[in-house]
Amino acid sequence: MHFDQPLPHEVKVVDSASLFRLEERASVLSLNQRLDPAWVQANAAPDGTHYLWPALWNSLPHRPDVPRQLRCELLITLRAGDRVMSLLDVLPDDFAPLPRVTSREEGMQVSQLLDHAPSVREWLRREGESPDRL
């Protein structure tokens, strides 16, 4: 990826198995924005649909061995049907092959859901759980 490459303007659809793999890869690489993969596996709806919306490019200047990443807004569908928002750093090679939303209407719906979904931390507080688990 070249540093002058524009941010992708596409929303990606992610199934739970793919979401878990992306979170695990971010954890293994110690990327800045990620959730604990165990939390994701325990809380994401197993057959849920989740979405990644690229927000900015991120790099780790102190770790030149790690390619720059797409910092994405992540909309997660939880087991109980709630939706929460988080951030996830994704390598471009992992982002590119993911399926994209199929219509502008679906993309607009994801945008509205992201605007109104609580963050994972807010949801945990509301559920009486400690956000330190993340």
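Our subject is the structure that appears above.
Since the structure is predicted, the reported quantities are computational estimates derived from the model, not experimental observations.

S.K.: Residue-level account of the pairing of strand 2 (residues 49-58), with values.
M.R.: Each regular strand carries side chains that alternate between the two faces of the sheet. Relative to strand 2, strand 1 (residues 12-15) is paired through four bridges, and the arrangement is antiparallel. From the neighbouring strand, Val14 faces strand 2, where its bridge partner is His50.

S.K.: Let's hear about the packing of aromatic side chains: which residues, and what values?
M.R.: For the structure on display, the rule yields one aromatic pair. When the centroid spacing of 6.3 Å and the interplanar angle of 80° are considered together, the rings of Trp39 and Trp123 count as edge-to-face. Within this pair, whereas Trp39 is found in helix 2 (residues 37-43), its partner Trp123 is found in helix 5 (residues 120-126), the two being separated by 84 residues in sequence. For the residue pair Trp39 and Trp123, the accessibility class agrees, reading buried in each case.

S.K.: A description of the pattern of salt bridges should follow, citing residues and the corresponding values.
M.R.: Scanning the entire structure with this criterion turns up four salt bridges. Residues Glu10 and Lys12 are paired through a salt bridge, measuring 3.5 Å at the closest nitrogen-oxygen approach. Accessibility expressed as a relative area gives 19% for Glu10, which makes it buried. Owing to a relative accessible area of 2%, Lys12 belongs among the buried residues under this scheme. A salt bridge links Arg71 to Asp89, with the nearest nitrogen and oxygen atoms 2.7 Å apart.

Conventions adopted
Residues numbered from 1 in each chain as written. Predicted model: local features only at pLDDT ≥ 70, side-chain atom pairs only at ≥ 80, totals over all residues. Heavy atoms only, no water. Pairing = 2+ DSSP bridges. Helix = DSSP H or I, 4+ residues; strand = E, 2+ residues; numbered from the N terminus. Phe/Tyr/Trp six-rings, centres within 6.5 Å; stacked < 30°, edge-to-face > 60°. Buried < 20%, exposed > 50% of the residue type's maximum accessible area, 1.4 Å probe, protein only. Salt bridge = Lys/Arg side-chain N within 4 Å of Asp/Glu carboxyl O.

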